[in-house]
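Descriptive structure summary
Below are the chains, spelled out letter by letter.
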Amino acid sequence: MRHSSFRRGGVAAAVGTALALAATACGGDTATSGAGSAGGVLRVVLNSQPATLDPVVGARSDQYVWGTIVEPLIGTGDDLEPAKDGIITDWARENDTTWTFEVRPGVEFSNGEKADAAAVAGSILLNRDGEKAILKSYLGNVESVEARDADTVEVKTGTPQYNIPNLLTNIFLMPPKYYAEQGTAGFTAHPVGTGAFVWKEQQPGRSISVTANDAYWGAKTALPGVTFTWSPDAAQRLALLRSKAADVVFDLPPAQAKEAEDAGLDVQRVKSAMKIVGFLQSDKAPFDDPKVREAAALAVDRDAIVASIFEGQATADAGLLNVKPDEQPTASVKADPERAKSLLNGKVTIPLTYPAKKYTYIDEVAQAVGGQLEEAGFTVEYNPVDYGSLTTEVVTRKISGLYLFAGVPNVAAPDYFAHGFLTSDSITANCASPEFDELAAAALEKADPAAAQPLYDELNTKAVVDEHCYLPLYKQTFSYATSGVTGIEYNALNAVLFDRAEMR
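Residues numbered from 1 in each chain as written. Predicted model: local features only at pLDDT ≥ 70, side-chain atom pairs only at ≥ 80, totals over all residues. Heavy atoms only, no water.

Where an unreviewed UniProt entry is consulted, the chain appears under the name Peptide/nickel transport system substrate-binding protein, with the organism given as Actinocorallia herbida. According to the UniProt record, the Sequence similarities (unreviewed entry) comment for the chain is "Belongs to the bacterial solute-binding protein 5 family." (UniProt positions renumbered as here; feature names shortened; annotations may be inferred.)

So, in structure tokens, the structure goes:
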């Protein structure tokens, strides 16, 4: 039985550093030795080196690597909703504030620790209480988590909260004793989990390798292992694939995706839920002025940006809380450059900060956004930074002006962005207000997602259309290419599974 169609989650907000692929840039042999295909080891090239392999503190963009070793508490189905075929096999809502979860019996971590209800409860608490836990803002309403017995976990919330199973798709099962001993640094140096692969080795700055877990509780992988390397240059990633020095390369822009197809390689395009959003920092000048925010929102034509840059591999999206790929908001802001000009009282200078080369064509998007703002009368100061510097400025609330950031709703429910971006205790707390907090809390207290949706629509309209605190731009279509490989599974939540892959 397949234990999960997908098993992933998270808003990407942690320090990351993109390093060149050492094997090519520095003359090493990590990616060019030929050991991959010859030995059946899958050779994967990413666009950046993982910043950490600790899912408690790490950006979900790094789960390509650590997600081979550790698993989420609840799997995710093809419909992007929680599935009952993973570590947690069933759940029930006993009353408005009490949930129980059944844990798959007999599972062990690769170091021999029991992966039982106590480990599940401990993993939830790590994400609620950890000083640097990336999911803290989502778990503030969780009052207690207890193992009733070896196979049952009880979760109590302070007020009703319909989305607890959704949140557990984004919490990964951690070995309690090992993690307590090792902490983030030790776990990153040698992760331990219950996944289809186990840690093998790391060549610092060059590669990370995992090998098949022969004691895996689910269907065993046909691969003997996976080796990850990285390069920030899309052309270089494609060159490695074409030269048979790699088997899979991720994050190909439209030009490289077409080149790969023309070369006879297998190219997959997936409509992603990842959304690029402009944040107008409303607690600092100049965007503490509502008219200046409105002018910026009206100046930007997202349809023109998508059409001119992405060649159909992105979808313009004017909403914030519509998180699944084909969803659109009930209300949105349309570009109106002339009205934008009329709202400005003289020249207004804004810094435009963006994570250089982190996302497909993000540099070109930043220039396009800045150009449209300048046409409306703004003076734009471009500020390209590395991803880690941007996220540090965001989470420490030091950033000002307009910044571009990707939201990855690995929990495919509107609350993920509501509590990730909108509430006063969120990651960004941009334009935070008691009204936003109240609407987000009221939505969670509804019986189910359908009952909550009108409140999310209202929250989206207030934040994006009325207050102009956010400038949603587009959802990306994500492309990757393979050579001689079948069975890789990639979904709209930017989750990838390698354990069903086979080398042809």
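Additional details are given in the paragraphs that follow.
For the rest of this paragraph, the subject is the environment of Ala316. Position of Ala316 among the secondary structure elements: in strand β13 (residues 314-316). The exposure class of Ala316 is buried, given its relative accessible area of 17%. In this structure the C-alpha to C-alpha distance between Ala316 and Thr157, which are 159 residues apart in sequence, comes to 37 Å. Once residues within four sequence positions are removed from consideration, Ala316 is found in contact with Arg302, Asp303, Val306, Gln328, Leu473 and Tyr474. (Helix = DSSP H or I, 4+ residues; strand = E, 2+ residues; numbered from the N terminus. Buried < 20%, exposed > 50% of the residue type's maximum accessible area, 1.4 Å probe, protein only. Contact = heavy atoms within 4.5 Å.)

Let us look at the domain arrangement of the chain. What the domain assignment reports for the chain is domain 1 (43-179) and domain 2 (272-476). Relative placement of domain 1 and domain 2: their C-alpha centres are 29 Å apart. On the domain 2 side, the residues contacting the 22 residues of domain 1 number 23 residues. For the pair domain 1 and domain 2, the two sides together bury roughly 1,700 Å², of which 52% comes from carbon and sulfur. It is Ser137, Tyr138 and Tyr162 that lose the most area in domain 1 upon contact with domain 2, and together they represent 39% of the buried surface on that side. (Domains from an automatic or database assignment. Buried area = accessible area lost by both parts, 1.4 Å probe.)

Before going further, it helps to spend a moment on the state of the cysteines. A complete count under the given rule lists one disulfide for this structure. Disulfide partner of Cys431: Cys469, at an S-S distance of 1.8 Å. Within this pair, whereas Cys431 is found in the loop between α14 (415-422) and α15 (434-444), its partner Cys469 is found in the loop between α16 (449-466) and β17 (470-482), the two being separated by 38 residues in sequence. Residue Cys431 is classed as buried on the basis of its relative accessible area of 11%. Owing to a relative accessible area of 0%, Cys469 belongs among the buried residues under this scheme. (Disulfide = S-S within 2.5 Å.)

Relative to each other, α15 and α16 sit at 160 degrees, their axes nearing to 8 Å. Judged by the inter-axis angle, α15 sits roughly antiparallel to α16. Our pair here, α15 against α16, has a crossing hand that is left-handed. On the side of α15, the interface is formed by Glu435, Phe436, Leu439, Ala440, Ala442, Ala443 and Leu444, while α16 contributes Ala452, Leu455, Tyr456, Glu458, Leu459, Lys462 and Ala463. Tallied by class, the residues present in the contact of α15 with α16 amount to eleven nonpolar, no polar and three charged. (Axes fitted to C-alpha atoms, helices over the stretch in contact; angles between N-to-C directions. Parallel < 35°, antiparallel > 145°, perpendicular 65-115°, else oblique. Left-handed = near helix turned anticlockwise from the far one by under 90°. Nonpolar A, V, L, I, M, F, W, Y, C, P; charged D, E, K, R; others polar.)

Moving on to the nonpolar core. Counting 75 residues, the largest nonpolar core has Leu373, Phe378 and Tyr470 as its most contacted members. Per-element accounting of this core gives the leading share, seven residues, to α16. Excluding residues within four positions of it along the chain, Tyr470 makes contact with Val277, Gly278, Phe279, Leu280, Leu320, Phe421, Leu422, Asn430, Ala463 and Val464. Listed in part, the 71 residues of the second largest apolar core include Trp66, Trp91, Phe250 and Tyr490. (Core = buried A, V, L, I, M, F, W, Y, C linked by side-chain atoms within 4.5 Å.)

Another aspect to go through is the sheet that holds strand β5 (residues 98-103). Spatially, four strands are ordered β4-β5-β7-β6 in an open sheet, and the strand pairing comes out antiparallel. Two strands bound the open sheet, and with one partner strand each, they are β4 (88-95) and β6 (142-149). Mean inter-strand twist for the sheet, computed between neighbouring axes without regard to direction, equals 20 degrees. Relative to strand β7 (residues 152-157), β6 runs antiparallel, the two sharing six bridges. Opposite Ala147, over in β7, you have Val153 as the bridge partner. Its contacts with the sheet put helix α4 (residues 117-129) on β4, β5, β6 and β7, and the angle it makes with β6 is roughly 165 degrees. (Pairing = 2+ DSSP bridges.)

On to empty space enclosed by the protein. If you walk through the whole model with that rule in mind, you get five cavities of 30 Å³ or more. The calculated volume of the largest cavity comes to roughly 360 Å³. Forming the walls of the largest cavity are 27 residues, and the residues nearest its centre are Asn47, Ser61, Tyr64, Lys358 and Phe478. Put simply, the parts of the chain that give the lining of the largest cavity at least two residues each are α3 (63-66) and β17. At three residues, α3 tops the list of elements feeding residues into the lining of the largest cavity. The residues that make up the lining of the largest cavity include at least three from each of domain 1 (43-179) and domain 2 (272-476). Size it by volume and the second largest cavity reaches roughly 50 Å³. Looking at the lining of the second largest cavity, its residues break down into five nonpolar, four polar and one charged. (1 Å grid on protein atoms, 1.4 Å probe; cavity = no way out; pocket = protein on both sides within 12 Å on 5 of 7 lines; lining within 4 Å. Points joined across faces, edges and corners; volume = space filled by probe spheres on them.)

What follows deals with the pairing of β7. By the criterion of burial, β7 is predominantly enclosed, with five of the six residues buried. Inspection of the sheet shows β5 paired to β7 by five bridges, in the antiparallel sense. Within β7, the residue paired with Thr100 across the bridge is Glu154. Between β6 and β7, which pair antiparallel in sequence order, lie two residues.

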